[in-house]
Amino acid sequence: MSNQKVIAVIPARMGSSRFPGKPLQKILGLPMVEHVRRRALLCEAVNDVIVATCDREIADTVSGFGGRAVMTKDTHERCTDRVEEAMQSASADVVVILQGDEPLIVPDVIRMLIEPFRHEKGLLCTNLLSVIQEETDLQDQDIVKAALDQRNFVMFYSRAGIPFHRVRKGPCPMYRQTGLSAFTKKFLRQFSQLPPTPLEITESVDFLRILEHRFQVLGVVYDKPTVGVDRPDDVGIVENILQADPEQKRIYEKILGSA
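Residues numbered from 1 in each chain as written. Predicted model: local features only at pLDDT ≥ 70, side-chain atom pairs only at ≥ 80, totals over all residues. Heavy atoms only, no water.

A. Expanded view of the pairing of strand β1 (residues 6-12). Judged by how many residues are buried, β1 sits mostly within the fold: 7 of 7 residues are covered. Bridge analysis of β1 against strand β4 (residues 48-53) gives 6 bridges, and the strand direction is parallel. Each bridged residue has a counterpart across the sheet, and for isoleucine 10 the counterpart in β4 is valine 51. (Buried < 20%, exposed > 50% of the residue type's maximum accessible area, 1.4 Å probe, protein only. Helix = DSSP H or I, 4+ residues; strand = E, 2+ residues; numbered from the N terminus. Pairing = 2+ DSSP bridges.)

In structure tokens, the structure reads:
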């Protein structure tokens, strides 16, 4: 797939239980979803960026900044279903799913998710993972962990601490799942039509459905922690990073210039 068309889609909705209205929360004066959209546009491997939403307020905000928004149903429980609906009217080979609460996403990370589709024949899906550094994160049930095989394909996802370290100083790294992934458009459609599976329901991890139906997910490992906005208190943390971290400050200044 050397000449594939790539569209990045940002699913966004106002009704977050922990942080209502989160996509439009201002971060240094710019709505959070707009931070993500503009950063995605900086990735040269992406041909277009769409915000998929069921809220007119979000769509109007994105359109007001010159972006592209697609209205979707308000009944979707999974972001992948919202993205799949938005893509029904768009032509693409690869669909990148970006979370609207990741305003510090680095454009090169998006490229990392896309690149394997150029070289791995028959690849259906990639998922960004980061290395777990803290023991407390391994035990945190809100963090989905992943175990990889020798080719970096995901063997299993779990909210439990995997792998169990019987040998405390063993060579096995620990990975956490992030909210960034990429699908071929055809497989995204297929995934949305697959019936839910027992492990998926038990663990409440959508991607287990892929594994239980015997499809593969390639884990793309990023060597830096990803910082998202889950609660209002996280906004100040992100703003401090944008002002203090040289790389993040450079990207922020660049997206301001793209308005």
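B. Spatial organisation of the environment of methionine 71. Secondary-structure assignment places methionine 71 in strand β5 (residues 68-71). For methionine 71, a relative accessible area of 33% gives the class partly exposed. Between the alpha carbons of methionine 71 and cysteine 54 there is a distance of 5.4 Å; along the sequence they are 17 residues apart. Apart from residues lying up to four places away in sequence, methionine 71 is in contact with Thr53, Cys54, Asp55, Arg56, Ala59 and Glu85. (Contact = heavy atoms within 4.5 Å.)

C. Structural detail: the pairing of strand β7 (residues 125-131). Counting buried positions over the 7 residues of β7 gives 6, a clear majority of the element. Alignment of β7 against strand β10 (residues 175-184), held across 6 bridges, turns out to be antiparallel. When the sheet's bridge partners are listed, leucine 129 is paired in β10 with glutamine 177. Pairing between β7 and strand β11 (residues 218-222): 5 bridges, direction parallel. Opposite asparagine 127, over in β11, you have glycine 219 as the bridge partner.

D. Region of the structure containing the pattern of salt bridges. As enumerated under the stated definition, the model contains 13 salt bridges in all. For aspartate 137, the salt bridge is made with arginine 176, and the minimal N-O distance between the two is 3.8 Å. Here aspartate 137, found in helix α6 (residues 135-139), pairs with arginine 176, found in strand β10; they are 39 residues apart in sequence, far enough to count as distant. The class of aspartate 137 is partly exposed, set by a relative accessible area of 22%. Using a relative accessible area of 25% as the deciding quantity, one classes arginine 176 as partly exposed. Shared partners join several salt bridges into a network, and the residues in it are Glu34, Arg37 and Arg38. (Salt bridge = Lys/Arg side-chain N within 4 Å of Asp/Glu carboxyl O.)

E. Examining the packing of helix α1 (residues 32-41) against helix α11 (residues 246-257) more closely. Two elements in contact, α1 and α11, have axes whose closest approach is 10 Å; the angle formed by their N-to-C orientations is 90 degrees. It follows that α1 is roughly perpendicular to α11 by the angle criterion. Facing α1, whose interface residues are His35, Arg38 and Arg39, α11 presents Gln248, Ile251, Tyr252, Ile255 and Leu256. In terms of residue class, the contact of α1 with α11 is made up of 4 nonpolar, 2 polar and 2 charged. (Axes fitted to C-alpha atoms, helices over the stretch in contact; angles between N-to-C directions. Parallel < 35°, antiparallel > 145°, perpendicular 65-115°, else oblique. Nonpolar A, V, L, I, M, F, W, Y, C, P; charged D, E, K, R; others polar.)

F. Up close: helix α2 (residues 56-64). Within α2, the full set of buried residues consists of Ile58, Ala59 and Val62. Projected down its long axis, α2 shows its buried positions confined to an angular sector of 100 degrees, all on one face. Buried residues along α2 sit against β1, α1, β4 and β5. (Arc of directions from axis to C-beta.)

G. Quick peek at the packing of aromatic side chains. Under the counting rule described, the total for this entry stands at 6 aromatic pairs. Centre to centre, the rings of phenylalanine 183 and phenylalanine 187 are 6.0 Å apart; their planes meet at 25 degrees, and the pair counts as stacked. With a relative accessible area of 2%, phenylalanine 187 lands in the buried category. When the ring of phenylalanine 191 is compared with that of phenylalanine 207, the centres are 6.4 Å apart and the planes differ by 65 degrees; the resulting orientation is edge-to-face. In this pair, phenylalanine 191 is assigned in helix α7 (residues 185-193) and phenylalanine 207 in the loop between α8 (198-203) and α9 (208-212), connecting sequence segments 16 residues apart. Take phenylalanine 191 and phenylalanine 207: they sit in the same class, and that class is buried. (Phe/Tyr/Trp six-rings, centres within 6.5 Å; stacked < 30°, edge-to-face > 60°.)

Structural measurements only, silent on function.
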